[in-house]
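Residue-level listing of the chains:
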Amino acid sequence: MNIKYKIKEVKPNVFAVIVKDKYDRAMLFCRVQEYYESPNKKFRGKDFRMWDYMKWYESNHTGFTYASDWSGFNIPFDVMWECLENESYLPDWETPYDGYMWEILVKIDNIRDQNKKCYVIGADDTNGWTFQHEVCHGLWYTNPQYKKAAKVVLNAIDPNHYVIFRKNLLDMGYTDKVIDDEIQAYLCFGHDSENFCEGVDIEKCDKYHKAFLITLDEFII
């Protein structure tokens, strides 16, 4: 098994792991992403057998559609390290993807600024809204000035629209702890995504989108 990937620091202490193959990318990130924010408490913050996760996911979808459902990934570096450093599931529970992800984390650990927060995103390239969306997550976590500015715009959203966005995100499989982060990222890049904006007039979503871009331009360009 050979997974082709590239590592690029796209913002200070925000590292993109670029994997062209969508299945390899999804399975490379699956364990650490679900450890971070799985809607199922059986997996979130827990060691788990990948086949147990796949069986649960398939039972709640039309098959194991993880690679089709999720194209981008974003997780704090420390959470990923914690997930894979705990070897209670090894070797019986380890997959080849876990080995590759550990290799990636070690490489990032050798070049990151260890005195500051670090974030890792996964995408197919460094172009397009999916990549920019994931970068916004990285900035939210690593850059206090960005987060402060984003919260100002976030707090200006109509409360009724906020409730709708939150419900849509929960229905999409996100957890409550990342709602504000996801709303700001979607309204920066992906505001017209059908699942996210359903129930809110697209013209209003466009206005939110423009407000976020105007406010955060100096950080995301």
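Residues numbered from 1 in each chain as written. Predicted model: local features only at pLDDT ≥ 70, side-chain atom pairs only at ≥ 80, totals over all residues. Heavy atoms only, no water.

Trainee: Is there a simple way to explain helix H6 (residues 128–142) in this structure?
Mentor: The α-helix advances 3.6 residues per turn, and as a result positions three or four apart in sequence lie on the same side. Look at H6: 22 Å from first C-alpha to last across 15 residues, which is about the 21 Å you get at 1.5 Å a residue. Within the span of H6, buried status applies to Phe131, His133, Glu134, Val135, Cys136, His137, Gly138, Leu139, Trp140 and Thr142. (Helix = DSSP H or I, 4+ residues; strand = E, 2+ residues; numbered from the N terminus. Expected span 1.5 Å × (residues − 1). Buried < 20%, exposed > 50% of the residue type's maximum accessible area, 1.4 Å probe, protein only.)

Trainee: Which parts of the structure should I look at to understand the sheet that holds strand E1 (residues 6–11)?
Mentor: Backbone hydrogen bonds are what pair the strands of a sheet, in a parallel or an antiparallel way. Pairing is mixed in the open sheet, where 4 strands are placed in the order E1-E2-E4-E3. Two strands in the sheet have a free side with no partner beyond their single neighbour: E1 and strand E3 (73–76). On average, each strand axis in the sheet is inclined to that of its neighbour by 25°, with strand direction left out of account. Pairing analysis gives 5 bridges linking strand E2 (residues 14–18) to strand E4 (residues 119–123), with the strands arranged parallel. Bridge pairing links valine 17 to glycine 122 in E4. Packing against the sheet, helix H4 (residues 77–85) makes contact with E3 and E4, and its axis sits at approximately 85° to E3. (Pairing = 2+ DSSP bridges. Axes fitted to C-alpha atoms, helices over the stretch in contact; angles between N-to-C directions. Contact = heavy atoms within 4.5 Å.)

Trainee: Would you mind showing me how to read the packing of aromatic side chains here?
Mentor: What describes a pair of aromatic rings is the distance from one ring centre to the other and the angle between the planes of the rings. All chains considered together, the criterion is met by 23 aromatic pairs. Pairing tryptophan 81 with tryptophan 102 gives two aromatic rings, centres 4.6 Å apart and planes at 45°, and the pair type is tilted. Of the two residues, tryptophan 81 is situated in helix H4 and tryptophan 102 in helix H5 (residues 96–111); the sequence distance between them amounts to 21 residues. Centroid distance tyrosine 146 to phenylalanine 219: 5.6 Å. Interplanar angle 90°. Geometry classified as edge-to-face. One end of the pair, tyrosine 146, is in helix H7 (residues 144–154); the other, phenylalanine 219, is in helix H11 (residues 202–220), and 73 residues separate them in sequence. For the residue pair tyrosine 146 and phenylalanine 219, the accessibility class agrees, reading buried in each case. Each member of the aromatic cluster is reached from another via a ring pair, and the members are Phe29, Phe43, Phe48, Tyr53, Trp56, Tyr57, Phe64, Tyr66 and Phe73. (Phe/Tyr/Trp six-rings, centres within 6.5 Å; stacked < 30°, edge-to-face > 60°.)

Trainee: Help me understand the confidence of the model for the chain, please; the structure alone is not making it clear to me.
Mentor: Detailed reading of the predicted model is not advised wherever pLDDT is low. This prediction gives the chain a mean pLDDT of 93; 97% of its residues lie at or above 70. Considering each helix and strand of the chain separately, the mean pLDDT is smallest for helix H10 (residues 194–197), with a value of 92, and largest for E2, with 98. (pLDDT = per-residue confidence, 0-100.)

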